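# Chain and residue survey
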Amino acid sequence: MTEGPASLHPTVPHRIGPRPLGLHLGLASATLGTALANLPLAREGHLPWIRDLREEGARVGSDLQAFDLADCLTEVGAKGQHLVSEMLAGITKYHAHPYQRNVQTPAAIWQKGAACLLDYGADLPADVPVAFIVPSLVNRGYILDLSEERSFVRALTAAGIRPFLIDWGDPGEQERDYGTEDYIVQVLVPALETVTEICGKSPVHLMGYCMGGTLTVAQALLQQEKLASLITLASPWNFHAGLSNAARMLLGSNNTWEPVLNACDELPVDLLQSFFAALDPNLCLRKFGLFNRMDMDGAKAAEFVALEDWLNDGVPLVKQVARDCFSGWYGENSPYLGKWQISGMQICPQNITIPTLVAVPKSDKIVPAGSALGLAEQVHHATVITPPSGHIGMVAGGRARDGLWAEIIEWIKA
């Protein structure tokens with residue numbers, strides 16, 4: 001592992017993001033083209049606005065009547081071209097930015113295949129509370145240790161809580177045939193056993209972020225007697241909440257994914273990133289336009305690059321996990337409906353008796369609030385918190401220290 005704090009280096013890293021780059025460029029062009037194509041319809045009151053925007057859309061159409069259509073098209077085209085140009089300039093600056101993550105990471109204390117366990121609090125007293133943290137399978141766990149300053153795990157350590165973080169690594173031969181059950185039973189369960197052996201009678205709090213939280217619900221039921229509490233952070237549970245019928249059919253369709261999985265033997269990173277892009281098609285247009293206007297020597301620009309590098313450093317899903325997620329979770333909604341089984345056990349959150357904390361960020365565009373709240377509906381006496389951020393900002397953003405981090409530390413210490 002590397003040593004030293006996060007810093008700037010004279011060499012420029014090779015970047016290919018935002019991934020998939022072609023899709024983001026196409027979406028930006030499509031946004032401009034759609035705006036131009038729909039302008040005449042909006043002006044004449046013929047644009048089929050969604051219900052929530054109909055009243056506002058009617059006012060916009062009425063206001064547009066005061067202007068010549070050709071002038072409107074010229075102005076919208078010029079504005080659109082300016083936004084696309086700013087995005088392209090921002091992407092160019094991102095590719096050229098000298099930031100590189102250079103954070104000292106603790107040595108692995110346990111390993112199984114590609115996965116390992118990192119102990120961030122080895123120097124703490126033996127009797128402090130423990131956090132066993134499980135990140136998502138599709139993104140690197142270092143979002144929880146992004147830099148020396150933006151590190152959830154280091155904040156826990158500073159507060160006297162010993163964090164153990166699962167690092168999934170890149171799927172290798174051992175993981176090729178893994179499903180969600182294998183990741184839970186073959187990796188998470190023995191890793192937690194190792195932690196309890198090391199820490200003795202210290203209270204262990206099981207914590208999962210995003211998809212990792214979904215996995216920890218099953219793990220909690222398998223190892224409940226070893227745990228002081230369960231904490232889920234923006235973790236999907238009701239997989240049909242907040243999804244349109246079209247999205248539900250797409251994600252849950254075997255006909256869509258089986259040809260890809262059979263051809264690639266996995267679900268590639270760029271295809272996964274395409275799903276996230278579909279949740280907010282204009283996000284890249286907005287955020288790289290904003291980045292273009294930042295001071296490239298400033299802290300905000302470096303923080304932007306750090307997060308963007310992490311977003312583009314994804315991990316493919318092995319094919320059986322992808323099948324479990326798409327067919328079982330998104331297709332059948334098996335976790336929420338009580339049809340998900342691990343090691344022959346029906347995963348019923350109603351049987352969780354330990355204190356449970358469910359974090360549902362206020363502006364999450366990746367996991368709908370209703371999906372994460374589905375777990376709180378089923379766990380008796382669950383406590384729900386709503387950090388004032390989004391899915392990623394909740395754990396690594398500027399408000400994380402006084403938001404989620406502070407609430408988790410308070411929960412564990414209480």
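How each quantity is defined
- Residues numbered from 1 in each chain as written.
- Predicted model: local features only at pLDDT ≥ 70, side-chain atom pairs only at ≥ 80, totals over all residues.
- Heavy atoms only, no water.
- Core = buried A, V, L, I, M, F, W, Y, C linked by side-chain atoms within 4.5 Å.
- Buried < 20%, exposed > 50% of the residue type's maximum accessible area, 1.4 Å probe, protein only.
- Helix = DSSP H or I, 4+ residues; strand = E, 2+ residues; numbered from the N terminus.
- Contact = heavy atoms within 4.5 Å.
- Phe/Tyr/Trp six-rings, centres within 6.5 Å; stacked < 30°, edge-to-face > 60°.
- Lys NZ or Arg CZ within 6 Å of the ring centre and 35° of its normal.
- Salt bridge = Lys/Arg side-chain N within 4 Å of Asp/Glu carboxyl O.

## Brief notes about the nonpolar core
- Core analysis: the largest hydrophobic core is formed by 111 residues, its most contacted members being F132, W168, L233 and I408.
- Per-element accounting of this core gives the leading share, nine residues, to helix α5 (residues 180-199).
- Among residues more than four places away in sequence, those in contact with L233 are F152, M207, G208, Y209, C210, A359, M394, V395, L404 and I408.
- Judged by nonpolar contacts, the second largest core, of five residues, contains A42, L47, L64 and C72.

## Here we look at the packing of aromatic side chains
- In this structure the tally under the stated criterion is 15 aromatic pairs.
- Judged by centre distance (5.1 Å) and plane angle (90 degrees), the rings of Y178 and Y183 are edge-to-face. Residues Y178 and Y183 agree in their burial class; the two are buried.
- Pairing F275 with F326 gives two aromatic rings, centres 5.7 Å apart and planes at 85 degrees, and the pair type is edge-to-face. Separated by 51 residues along the polypeptide, F275 in helix α9 (residues 269-279) and F326 in helix α12 (residues 319-331) bring together distant segments of the chain. With respect to class, F275 is no different from F326; both count as buried.
- Among the aromatic residues, those joined into a cluster by ring pairs are W237, F239, W257, F275, F326, W329, Y330 and W340.
- The aromatic ring of Y94 is capped on one face by R15, whose charged end is 5.0 Å from the ring centroid.

## Thoughts on the environment of E410
- Following the sequence through the fold, E410 ends up in helix α15 (residues 401-413).
- With 160 residues separating them in the primary sequence, E410 and L250 have C-alpha atoms 41 Å apart.

## Focus on the pattern of salt bridges
- Tallied over the full model, the rule gives 19 salt bridges.
- Between D313 and R140 there is a salt bridge, with its nearest N and O atoms 3.4 Å apart. Of this pair, D313 sits in the loop between α11 (299-311) and β10 (317-318) while R140 is found in the loop between β5 (130-134) and α4 (152-158), placing the two residues 173 residues apart along the sequence.
- The salt bridge involving K226 is made with E193; its shortest N-O contact spans 3.4 Å. On the criterion of sequence distance, the pair formed by K226 in the loop between α6 (211-222) and β8 (229-233) and E193 in helix α5 is long-range, its members being 33 residues apart.
- Among the residues examined, K226 registers a relative accessible area of 27% and is labelled partly exposed.

The analysis is restricted to geometry; functional conclusions fall outside its scope.
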